[in-house]
Each structure stands twice: as C-alpha cells, then as structure tokens.
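Understanding the architecture of this molecule
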Amino acid sequence: TGNELSGNIATSERPVGDGFALTQAVGNTLRSNVTIGGGVGYRLDSGARLNDLRSNEARNPRWVGVWIQTSGSDDNSLRDNTVIGGEFGYFLADVTGTDLRRNRAEGATLVGFYVEAGSASDNTFLDNTASDTGGVGFEDWTSGLGTAGTANTYNNNVCDGSTPGSNPAGLC
C-alpha cells in the first residue's frame, strides 16, 4: 500500500507472464514504466484497487497491454498510458469505478478497449484513442443506463486510422 514504482523496464521474450502485476494491492502508483513482450504488460487483479497507472507503456504484449479483472479490482485510475500491439490494448472484466483518461491503444489485432459482459459497470472512458486495430476500437458487452446502452460512460474517445469504430456504435 502506498508504494510508487517508476522508470523501470520489464522485458520478456517468452509469450507468457506479466510485466508488472498488482494483486490485492491498494493505493499504489506505477508511473513512467515500460514493458516489452510477455503475455500481459500490466495486470491488476484479485482486489487491486485505488491504484494509479500514469504515463506507462506496454510494447508488443502477446495478449493484453493493461488487464484489470476480478471482482474487487475497482476504483483504479489509468491516465496517459500507451499500448502498442497485442490482441487487446485494455481489457476490463468485473471491474467498477475505474477511470480511463487519455490512454492510447495502437495496433491491437482485435480490440483497442474491451469491456467484458458481466458486472463491469460505472467505469469512465474519456479522451482515449484507439488506432489501427484489427477489429473495433472500443467494445463493451455490458448493458445498463450508460453510453449507448452499456453500463459505462464514454465521452470524447477517438477511433483513428484503420479502426472501424465501436460496438455498440457511439463509444468513439
């Protein structure tokens, strides 16, 4: 709790493993770190909450650049991060109250920003950019009273380059 990790580089030539993982971690800051390769760049799970990820970069992860999952991994802040490559740029599952602002997903082969169906709700996506993805820029499978019938809020996000838009429409 209350730790700051900044200016580090994590590399892996293996297609598995995490660059940085916060498990049951509360109130920590990851700032200006870089991951290269591996399976997942940054993973927050098993009750990781109230953490701040700022100005980090994930380059060419095998699967996901930033993965936040598992009930209780809530109320995190992601700002000014960049994911280059991977299947998914950002992946949220069973997460509430997380704030994503000014993040970029570039060249994801499937989806730039993905929210899995289930209990992911009350998350905010503001001023994010998905560019040159193989699929849609933003995809949200939740349902509720949020943007475009999802359980989350989307404002001023951009689908750029060859990115075809969002599912449902209206997220970018």
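See the structure printed just above.
I will try to describe carefully the structure that is included in this document. (Residues numbered from 1 in each chain as written. Predicted model: local features only at pLDDT ≥ 70, side-chain atom pairs only at ≥ 80, totals over all residues. Heavy atoms only, no water.)

Attention shifts here to the packing of aromatic side chains. On inspection of all chains with the given rule, the structure shows ten aromatic pairs. For the ring pair F91 and Y114, a centre distance of 4.9 Å and an interplane angle of 35° mean the geometry is tilted. Taken as a pair, F91 in strand 12 (residues 88-93) and Y114 in strand 15 (residues 111-115) lie far apart in primary sequence, 23 residues in all. Since its relative accessible area comes to 15%, Y114 is described here as buried. Measuring from ring centre to ring centre gives 4.5 Å for F125 and Y154, while their planes differ by 5°; the resulting arrangement is stacked. Remark: Y154 occurs in strand 19 (residues 153-155) and F125 occurs in strand 16 (residues 124-126); sequence separation between them is 29 residues. Each member of the pair F125 and Y154 is classed as buried. Site record: aromatic cluster; members linked through ring pairs are Y90, F113, F125, F138 and Y154. (Phe/Tyr/Trp six-rings, centres within 6.5 Å; stacked < 30°, edge-to-face > 60°. Helix = DSSP H or I, 4+ residues; strand = E, 2+ residues; numbered from the N terminus. Buried < 20%, exposed > 50% of the residue type's maximum accessible area, 1.4 Å probe, protein only.)

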